[in-house]
Amino acid sequence: MSAQLKEISRIRKMLMKDLDAVMLIEQEIFIFPWTRGNFIDSISSGYHCYVLEIDSLIIGYGLMTTGPGEAHILTLSVTLQWQREGWGEKLLQHFIFLAKEHDAQSVFLEVRKSNFGAAKLYERIGFKQVATRAGYYPAMGGREDAIVMELIL
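Figured I'd write up the structure that's included with this text. As the structure is a prediction and not an experimental result, all values here were calculated from the model. (Residues numbered from 1 in each chain as written. Predicted model: local features only at pLDDT ≥ 70, side-chain atom pairs only at ≥ 80, totals over all residues. Heavy atoms only, no water.)

### Quick look at a nonpolar patch on the surface
Which entries qualify depends on this criterion: In this scheme, patches are assembled from residues that exceed 30% relative accessible area and form no salt bridge. Like charges are connected within 9 Å, while nonpolar side chains (Val, Leu, Ile, Met, Phe, Trp, Tyr) are connected within 5 Å. Residue burial considers only the protein chains on display, and all accessible areas are found by Shrake-Rupley using a 1.4 Å probe. Whenever Lys or Arg places a side-chain nitrogen within 4 Å of a carboxyl oxygen from Asp or Glu, that contact is recorded as a salt bridge. Every helix listed is a DSSP run of H or I at least four residues long, and every strand listed is a run of E at least two residues long, numbered separately from the N terminus. In this scheme, a residue with accessible area under 20% of its type's maximum is buried, one over 50% is exposed, and one in between is partly exposed, where area comes from a 1.4 Å probe on protein chains only.
A cluster of nonpolar side chains, namely I31, F32 and M140, defines an oily patch on the protein surface of about 350 Å² accessible area. Along the polypeptide, M140 turns up in the loop between β6 (128-139) and β7 (142-152). Given the relative accessible area of 65%, M140 is considered exposed.

Put into structure tokens, the structure is as follows:
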């Protein structure tokens, strides 16, 4: 990742006007994407909803909830064109920082069992597998298990 890109990137709160760009990424990345309503509900509920942009181009986003002693990353995505360049880690580190600011002692997330790239990123950051949710995700021809991961802060 070049120094120039680092200088012009920023993470900011997701706004309703960002949803067209967010939905394009969501539909590009996921076979079973969240709906626009899911994002509207998350923003309206006060979840921690952020976008990652370079200049004015949204290239990623993430959502997290916080509660007593813990945080839960609900989704975190980077458009295919910008994957494997450190942007997912940048977003993830932002949410870990927010979790600490909200006095969380741990951060949880789920990842598809087949999503080896994301699981490797989470493990590199320090997340550990703590459980499996059988049939958690919809999948072509059925359901797919989720690996539940936790990062102790």
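Having put the structure on the table, let's press on.
### Observations regarding the packing of aromatic side chains
Condition: Whether two aromatic rings pair depends on their centres lying within 6.5 Å, for rings of Phe, Tyr and Trp, where Trp uses its six-membered ring; planes under 30 degrees apart make the pair stacked, over 60 edge-to-face, and the rest tilted.
For the coordinates displayed, the defined rule picks out 6 aromatic pairs. For the ring pair W34 and F39, a centre distance of 5.1 Å and an interplane angle of 45° mean the geometry is tilted. Between the aromatic rings of Y50 and F95, the centroid separation amounts to 5.9 Å while the plane-to-plane angle is 80°, which identifies the pairing as edge-to-face. One end of the pair, Y50, is in strand β2 (residues 48-54); the other, F95, is in helix α4 (residues 87-101), with 45 residues separating them in the sequence. By relative accessible area, which is 10% here, Y50 ends up buried.

### Notes on the pairing of β7
Stated precisely, the cut-off is as follows: When DSSP finds at least two bridges between two strands, those strands are taken to pair.
Here strand β5 (residues 106-112) runs beside β7; their pairing, made up of 7 bridges, is antiparallel. Pairing of L109 across the sheet is with M149, part of β7. Sheet topology note: the β6/β7 ladder contains 8 bridges and is antiparallel. Bridge pairing in β7 links T132 to I147. Taking the residues between adjacent antiparallel strands as the criterion, β6 and β7 are bridged by 2 residues, where G141 takes a positive phi near 75°.

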